[in-house]
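Fold and contact review
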Amino acid sequence: MKTVCCIICLLVYSKLFFGQDLRKRLASEIGHLQVDDQMKHGILGISIVNSKTGEKIVEINAQMGLVPASCQKIITSATALELLGPSYRFATILGYDGKIANGTLQGNLYVLGSGDPSLGSWRYESTKEENIVNNWICGIKQQGINKITGSLIGVTDRWENEIIPGGWIWDDIGNYYGAGASALNWHENQYDLVLSSNDSIGGKVTIVSMKPKPYQVNIESQLTAAAKGSGDNAYIYLPPNGKKGVVRGTIPVGEKAFTISGSFPDPTSQTLSILSDKLSIENMMPDSIISDGKKNSIFFQILKYESPALDSLNYWFLKKSINLYGEAFMKTIAFEKTGFGSTDNGIDVLKKFWMEHGIEKASLQIIDGSGLSPQNRVTVDALVKVLQYAKKRPWFKNYYDALPIFNQMKLKSGTIGGAKSFAGYHTSKDGTEYTIAFIINNYDGSAGEIVKKMFRVLDVLK
């Protein structure tokens with residue numbers, strides 16, 4: 001009996017000693033980071049807890065609102081999975097009004113959007129552009145329609161007209177990662193700009209093609225050629241609903257098909273134009289395209305297309321950090337809970353939900369769903385609480401699997417100017433599970449160097 005008691009005591013003392021040693025080592029590494037030259041004008045927030053017990057391992061500036069960048073996505077993701085459900089599917093409906101006589105639709109053709117961010121996406125076989133459009137054409141023909149005398153109308157009145165949230169910066173908006181969310185989206189609201197540069201530094205760069213071409217948009221190249229190996233330093237400037245844009249910056253010399261990606265300024269018109277082009281090929285060209293119409297009260301459905309399930313879309317949202325998906329999720333939460341799909345309504349629903357689960361509204365000062373705005377402020381304590389909540393939910397496995405791997409840990413990362421963040425989970429060699437949120441704002445110098453220093457802190461958990 002004495003031997004058993006001694007063994008138990010040794011295990012208890014060993015655990016206590018290890019816990020104290022872990023805290024000391026974390027404090028030491030964090031202390032080194034705080035006095036590092038890169039942090040002279042910066043600030044960090046870190047919160048690490050034992051995932052199973054909730055015990056706080058370390059907490060510094062845990063209640064301070066900091067710019068989270070894309071780590072904010074873990075909040076939007078968990079909210080969508082909880083409030084919409086992992087099996088939720090976006091529905092896009094094709095229909096018509098009027099009547100069909102002798103193969104002619106004497107009326108309008110409608111596309112009703114619900115914010116599906118994957119419509120026309122290349123990520124799934126079912127969502128690919130050619131499959132969606134071919135199914136629409138097939139459905140139209142099955143109704144006996146060979147000609148259309150009315151308009152092709154996009155119905156988007158259940159969502160706000162503004163496709164981007166407030167706070168996004170001009171340098172981001174025209175580029176693929178600045179794609180806003182509409183009730184009708186297409187090809188992840190992304191197109192490729194193919195460029196050609198001559199062989200002299202400072203020489204002109206020309207636009208070879210745009211794939212798929214943005215609807216009624218012209219882009220002027222103000223690019224110049226830079227040294228070989230200088231990489232992509234080109235930015236597209238094109239406002240929402242704009243028709244004229246410019247691309248500025250540099251690409252390397254001697255490139256014949258250098259590709260950058262931009263965002264459609266008018267996703268609804270883009271969607272309709274793709275269908276209209278196909279209708280034209282089939283000699284069923286409608287009289288006009290209307291991107292902000294309303295459905296007639298007498299309406300006949302041709303077909304209903306449903307997106308992949310939310311948990312599948314969420315995989316790409318977290319794994320590839322697709323901002324469009326976050327904005328679509330936020331507006332969809334708003335539509336399902338308030339009847340109108342707006343970012344502001346979605347944020348209100350999100351804050352109310354998390355307040356009911358122990359997170360103060362002031363710790364979630366957010367204005368978008370993706371974290372792209374530099375005006376967002378979130379506490380590391382709030383991030384940890386969201387991650388801890390997720391662990392208890394039936395959808396957690398899909399949520400966890402969607403997190404990328406950084407530093408051999410399951411972490412969502414975030415990066416925008418002067419801000420770097422990581423949040424997620426890690427299981428140490430001894431089996432201890434940790435929940436982590438770590439944000440640094442206003443660091444100086446290289447992002448790559450600050451990340452190495454953040455990982456030195458997190459390596460203590462291994």
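What follows covers the overall build of the chain. Helix and strand counts for the chain come out as eleven helices and 23 strands. With the C-alpha coordinates of the chain rotated into their principal frame, the extents come out at 95 × 60 × 35 Å. Taken over 462 residues, the chain has a buried fraction of 55%. Considering only intrachain contacts with a sequence separation of at least 6, the fraction spanning at least 24 residues in the chain is 71%. When the accessible surface of the chain is summed, it comes to about 20100 Å², and 51% of that surface belongs to carbon and sulfur atoms. The chain carries 49 positive and 44 negative side-chain charges, and their two centres are separated by 4 Å.

The subject of this paragraph is the sheet that holds strand β6 (residues 109-112). Strand order in the open sheet formed by five strands is β16-β8-β6-β3-β17, and the pairing between neighbours is mixed. One side of each edge strand has no neighbouring strand; the edge strands of this open sheet are β16 (289-293) and β17 (300-306). Across the sheet, the mean angle from the axis of one strand to that of its neighbour is 20°, orientation sign disregarded. In terms of strand pairing, strand β3 (residues 91-96) meets β17 through six bridges, oriented antiparallel. Counterpart to Tyr 96 in the pairing with β17 is Phe 300. Of the strands in this sheet, β3, β6 and β17 touch helix α3 (residues 129-142), which is tilted by about 155° from β17. Sheet contacts for helix α5 (residues 267-281): β3, β6, β8 (152-155) and β16; angle to β16, the most-contacted strand, approximately 145°.

In this approach a probe as big as a water molecule rolls over the atoms, and the regions it shows empty are the leftover space. Counted by the stated rule, this structure contains one cavity of 30 Å³ or more. Estimates place the volume of the largest cavity at around 50 Å³. Residues belonging to the lining of the largest cavity are distributed by class as follows: nine nonpolar, three polar and no charged.

Moving on, we get to the pattern of salt bridges. Counting across every chain of the model gives 15 salt bridges. A salt bridge links Glu 449 to Lys 452, with the nearest nitrogen and oxygen atoms 3.2 Å apart. One end of the pair, Glu 449, and the other, Lys 452, are both in helix α11 (residues 447-458), three residues apart, so they sit about a helical turn from each other. Here Asp 459 and Lys 462 are joined by a salt bridge, their closest N and O atoms 3.1 Å apart. On the basis of relative accessible area, Lys 462 is assigned to the partly exposed category, the value being 29%.

If you trace the backbone, His 187 turns up in the loop between α4 (170-173) and β9 (190-197). What makes His 187 buried here is its relative accessible area of 17%. Once the C-alpha coordinates of His 187 and Gln 38 are considered, the two residues, 149 residues apart in sequence, prove to be 40 Å apart. In contact with His 187, other than residues within four places in its own chain, are Leu 119, Gly 120, Ser 121, Trp 122, Glu 129, Pro 212 and Phe 264.

This brings us to the packing of aromatic side chains. All chains considered together, the criterion is met by 20 aromatic pairs. Here the aromatic rings of Trp 395 and Tyr 399 are separated by 5.5 Å at their centres, their planes lie at 70°, and the arrangement is edge-to-face. On the accessibility criterion, Tyr 399 (0% relative accessible area) is buried. A network of ring pairs unites the aromatic residues Trp 395, Phe 396, Tyr 399, Tyr 400 and Tyr 425 as a single cluster. A cation over an aromatic ring shows up here: Arg 248 above the ring of Tyr 237, its NZ or CZ 5.2 Å from the ring centre.

In a beta sheet, neighbouring strands pair by backbone hydrogen bonds and run either parallel or antiparallel. Strand order in the open sheet formed by six strands is β2-β1-β23-β22-β21-β20, with antiparallel pairing between adjacent strands. One side of each edge strand has no neighbouring strand; the edge strands of this open sheet are β2 (56-60) and β20 (405-406). Two elements, strand β1 (residues 43-50) and β2, share four bridges in a ladder whose sense is antiparallel. Across the sheet, residue Val 49 finds its bridge partner in β2, namely Lys 56. Those strands touched by helix α9 (residues 380-391) are β1, β2, β22 (419-427) and β23 (433-441), and its axis lies near 150° from that of β23. Each of β1, β20, β21 (409-416), β22 and β23 is contacted by α11, which is oriented at about 30° to β22, the strand it contacts most.

Rules used in this analysis
Residues numbered from 1 in each chain as written. Predicted model: local features only at pLDDT ≥ 70, side-chain atom pairs only at ≥ 80, totals over all residues. Heavy atoms only, no water. Helix = DSSP H or I, 4+ residues; strand = E, 2+ residues; numbered from the N terminus. Buried < 20%, exposed > 50% of the residue type's maximum accessible area, 1.4 Å probe, protein only. Contact = heavy atoms within 4.5 Å. Areas by Shrake-Rupley, 256 points an atom, 1.4 Å probe, with all protein chains shown as cover. Lys, Arg positive; Asp, Glu negative; His and termini not counted. Charge placed at Lys NZ, Arg CZ, Asp CG, Glu CD. Pairing = 2+ DSSP bridges. Axes fitted to C-alpha atoms, helices over the stretch in contact; angles between N-to-C directions. 1 Å grid on protein atoms, 1.4 Å probe; cavity = no way out; pocket = protein on both sides within 12 Å on 5 of 7 lines; lining within 4 Å. Points joined across faces, edges and corners; volume = space filled by probe spheres on them. Nonpolar A, V, L, I, M, F, W, Y, C, P; charged D, E, K, R; others polar. Salt bridge = Lys/Arg side-chain N within 4 Å of Asp/Glu carboxyl O. Phe/Tyr/Trp six-rings, centres within 6.5 Å; stacked < 30°, edge-to-face > 60°. Lys NZ or Arg CZ within 6 Å of the ring centre and 35° of its normal.

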